[in-house]
Amino acid sequence: KTTSQAKLFSKYDKFLISDYKLLAEYCNEKNIEFMSTPFDVDYVRELEPLVKRYKVASVDLTNHHLLDAICETKKPIIMSTGASSLKEIDESVNFIFNRGTKKLSLLHCVTNYPTPFDEAGLEFISILKKEYPELKIGYSDHTIPKYSQIILLNSIIHGAEIIEKHYTFDKSLPGNDHYHSFDKEDLSKF
């Protein structure tokens with residue numbers, strides 16, 4: 001147990017850039033595109049030679065300092081929209097476009113971990129598709145695997161073209177994401 005998200009992440013987030021490099025090399029060997037979500041400008045610079053695109057977390061949708069650093073790379077961006085208003089999403093989309101980045105995708109997501117089945121809000125995918133017909137729209141899922149199968153299929157019915165789902169080798173590991181992630185069996189079933 002921790003008293004804040006910062007304390008929780010500091011318990012488990014011990015990756016160094018050398019760890020990211022090892023993961024990127026492994027992904028390249030397996031013909032998997034390596035991607036990462038930087039949370040500060042320094043990591044944008046460190047990750048630059050390793051990634052073909054950047055993922056922006058919901059929490060950083062309005063972090064224009066970070067978005068500006070990512071836009072400088074001229075690489076595509078996938079941005080989660082959880083806990084954001086349409087006005088905030090629109091401001092960030094315009095900010096990114098005005099910086100010259102045109103390859104932008106948006107992911108609907110709910111920032112409740114795990115997301116209850118009835119709070120997935122998949123209708124927002126349709127809203128994003130209507131507001132941004134020129135963008136690829138997707139869904140970032142945080143429901144528990146018991147519900148994820150049906151939620152993810154429904155996200156596709158609502159128009160999701162990208163699906164993001166956390167993956168783990170062991171759901172019983174400590175940390176913020178393992179318990180609501182897919183394991184090999186879940187992914188194979190999906």
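Throughout this document, residue positions are counted from 1 along each chain, in the order its sequence is written. In keeping with the predicted nature of the model, local features appear solely for residues at pLDDT of at least 70, side-chain atom pairs appear and are counted solely at 80 or more, and the whole-chain, interface and lining totals rest on all residues. To obtain the side-chain values, all non-hydrogen atoms of the structure were included, while hydrogens and water were left out.

Undergrad: Run through the sheet that holds strand β1 (residues 54-56), naming residues and quoting values.
TA: Strand pairing requires that DSSP identify at least two bridges connecting the strands. What counts as a helix is a DSSP run of H or I of at least four residues, what counts as a strand is a run of E of at least two, and both are numbered from the N terminus. The strand order β1-β2-β3-β4-β5 describes an open sheet built from five strands, whose pairing is parallel. In this open sheet, the two strands that pair with only one neighbour each are β1 and β5 (162-165). Put simply, the sheet's adjacent strands are angled 25° from each other on average, direction ignored. Across five bridges, strand β3 (residues 104-109) lies against strand β4 (residues 136-141) in parallel orientation. Bridge pairing links L106 to I137 in β4. Only heavy atoms enter the contact rule, under which two residues are in contact if any of them lie within 4.5 Å. Only C-alpha atoms enter the line fits that serve as axes; for helices the fit covers just the stretch in contact. Angles between N-to-C directions range over 0 to 180 degrees. Of the strands in this sheet, β2 (77-80) and β3 are in contact with helix α5 (residues 86-98), which crosses β3 at around 160°.

Undergrad: Now, about the side chain of S181: what can you tell me, with residues and values included?
TA: Mapped onto the elements, S181 comes out in the loop between β5 and α8 (184-189). Exposure is judged per residue with a 1.4 Å probe applied to protein chains only, and the accessible area is read against the type maximum: over 50% gives exposed, under 20% gives buried, and values in between give partly exposed. For S181, a relative accessible area of 2% gives the class buried. If sequence neighbours within four positions are ignored, S181 has contacts with P145, K165, H166, Y167, T168, K171 and D186.

Undergrad: Please provide a residue-by-residue account of the pairing of β3, values included.
TA: Strand residues, when the strand is regular, have side chains that alternate between the two faces of the sheet. Burial analysis of β3 places six of its six residues in the buried class, the great majority of the element. Covered by surrounding structure in β3 are L104, L106 and H108 together with S105, L107 and C109, the residues of both alternating faces. Pairing of β2 with β3, which is carried by four bridges, proceeds in the parallel orientation. Within the sheet, the bridge partner assigned to M79 lies in β3 and is L106.

Undergrad: Give a detailed account of the side chain of S36, specifying residues and quantitative values.
TA: Structurally, S36 is set in the loop between α2 (17-29) and α3 (41-47). Its relative accessible area of 8% is what places S36 among the buried residues. If we skip the residues at most four places from it in the chain, S36 touches Y20, L47, V51, Y54 and K55.

Undergrad: Tell me about the pairing of β4, and please be specific about residues and values.
TA: Most of β4 sits out of view: five of its six residues are buried. Classification remark: right-handed applies to a crossover when, strands pointing away from the viewer, the course from the first strand over the helix to the second runs clockwise. With helix α6 (residues 123-131) bridging β3 and its parallel neighbour β4, the resulting β-α-β unit is right-handed. Across four bridges, β4 lies against β5 in parallel orientation. Bridge pairing in β5 places D141 opposite K165. Following the backbone out of β4, through helix α7 (residues 145-157) and into the adjacent parallel β5, one traces a crossover that is right-handed.

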